[in-house]
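# Architecture at a glance
As a plain string of letters, each chain reads:
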Amino acid sequence: MTVFLKENVSGLGKAGDKVNVSDGYARNYLIPKGLAFEANAQAEYEYKTKTAAEKTKADNEKAKAKALADKLKAVKIVIEMPSGANGKLYGSVTSAKIAEELFAQAHITVDKRRFVLDDNMKSYGEYEVEVKIYPGVTSKLKVAIKPKEE
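Note that this is a predicted model, so its numbers are computed, not measured. (Residues numbered from 1 in each chain as written. Predicted model: local features only at pLDDT ≥ 70, side-chain atom pairs only at ≥ 80, totals over all residues. Heavy atoms only, no water.)

Attention now goes to the sheet that holds strand S1 (residues 2-5). An order of S2-S1-S3 is seen for the three strands of this open sheet, with the pairing classed as antiparallel. Looking at which strands have only one partner, the edges of the open sheet turn out to be strand S2 (18-20) and strand S3 (36-38). On average, each strand axis in the sheet is tilted by 40 degrees relative to the strand beside it, whichever way the strands run. Relative to S2, S1 is paired through three bridges, and the arrangement is antiparallel. Residue phenylalanine 4 lies in a different strand from S2, and its bridge partner there is lysine 18. Contacting S1, S2 and S3, helix H2 (residues 41-73) crosses the sheet at an angle of about 140 degrees to S3. (Pairing = 2+ DSSP bridges. Helix = DSSP H or I, 4+ residues; strand = E, 2+ residues; numbered from the N terminus. Axes fitted to C-alpha atoms, helices over the stretch in contact; angles between N-to-C directions. Contact = heavy atoms within 4.5 Å.)

Written as structure tokens, this is what we have:
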């Protein structure tokens, strides 16, 4: 029986491959587990159409992510934090605070889990924060932490 693989199957092939297998292996294992489907003209057409649509959607999402990455490279946000008598910050600047200030100052929404903070930002100065927007698409955001003026 000829089948198309939906997923990678070790020893058999990769997703999208058209392979010949025994009838019993296809009917009793591959098809019930959702790893393959029988190769006929209609099923092949539906599979190719579905994969093409998924690829187009992924390409569009990646293009949007690249546009957002370019936007973020040009943005610099300023965060004002209160300090103690010795000039140190109360607490530290978190990814949630960065996301909040990014929206407030630049009107750009990025999930707080996308920020990669290498070290705790517990002192004043300028930092570059890495933002993982999409698999394979990252950007740098400039963050300046200044004393809060009262």
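With mixed pairing, the four strands of this open sheet are ordered in space as S4-S7-S6-S5. Of all the strands in the sheet, just strand S4 (76-81) and strand S5 (115-116) have a single pairing partner and so form its edges. Where strand S6 (residues 125-134) meets strand S7 (residues 137-147), nine bridges bridge the pair, whose relative direction is antiparallel. Along S7, the bridge assignment pairs glycine 125 with isoleucine 145. Of the strands in this sheet, S6 and S7 are in contact with H2, which crosses S7 at around 30 degrees. In the packing of helix H3 (residues 95-106) onto the sheet, the strands contacted are S4, S5, S6 and S7, and the crossing angle to S4 comes to about 120 degrees.

So, on to H2. The terminal C-alpha atoms of H2 lie 48 Å apart, and with 33 residues this matches the ideal 48 Å at 1.5 Å per residue to within 8%. Of all the residues in H2, the buried ones are Ala43, Tyr47, Ala65, Leu68, Ala69 and Leu72. (Expected span 1.5 Å × (residues − 1). Buried < 20%, exposed > 50% of the residue type's maximum accessible area, 1.4 Å probe, protein only.)

Moving on, we get to the nonpolar core. Residues Leu72, Ile98, Leu102, Phe115 and Leu141 are the most contacted members of the largest nonpolar core, which totals 25 residues. Breaking this core down by element, the ones donating at least two residues are H2, S4, H3, S6 and S7. The contacts of leucine 141, once residues within four sequence positions are left out, are Leu72, Val75, Ile77, Ile98, Leu102, Phe115, Tyr127, Glu128, Val129 and Val131. Listed in part, the nine residues of the second largest apolar core include Val9, Val19, Leu35 and Ala36. (Core = buried A, V, L, I, M, F, W, Y, C linked by side-chain atoms within 4.5 Å.)

Inspection of the entire model under this criterion finds four aromatic pairs. Each ring, one from phenylalanine 4 and one from tyrosine 47, has its centre 6.4 Å from the other, and the planes form 25 degrees; the classification is stacked. Of this pair, phenylalanine 4 sits in strand S1 while tyrosine 47 sits in helix H2, placing them 43 residues apart in sequence. Of the two residues, phenylalanine 4 and tyrosine 47, neither departs from the other in class, the shared state being buried. Note on phenylalanine 37 and tyrosine 47: the rings are 5.1 Å apart at their centroids and 50 degrees apart in plane angle, and the pair reads as tilted. Taken as a pair, phenylalanine 37 in strand S3 and tyrosine 47 in helix H2 lie far apart in primary sequence, 10 residues in all. (Phe/Tyr/Trp six-rings, centres within 6.5 Å; stacked < 30°, edge-to-face > 60°.)

The next subject is the pairing of S4. Consecutive residues of a regular strand have side chains that alternate between opposite faces of the sheet. Burial along S4 is one-sided: the face carrying Ile77, Ile79 and Met81 is buried and the face carrying Lys76, Val78 and Glu80 is not. Taken together, the six bridges between S4 and S7 define a ladder with parallel strand orientation. When the sheet's bridge partners are listed, glutamate 80 is paired in S7 with lysine 146.

A few words on unusual backbone geometry. Of note in the backbone geometry, histidine 107 takes a positive phi value of approximately 55 degrees without being a glycine. When you line up the elements, histidine 107 lands in the loop between H3 and S5.

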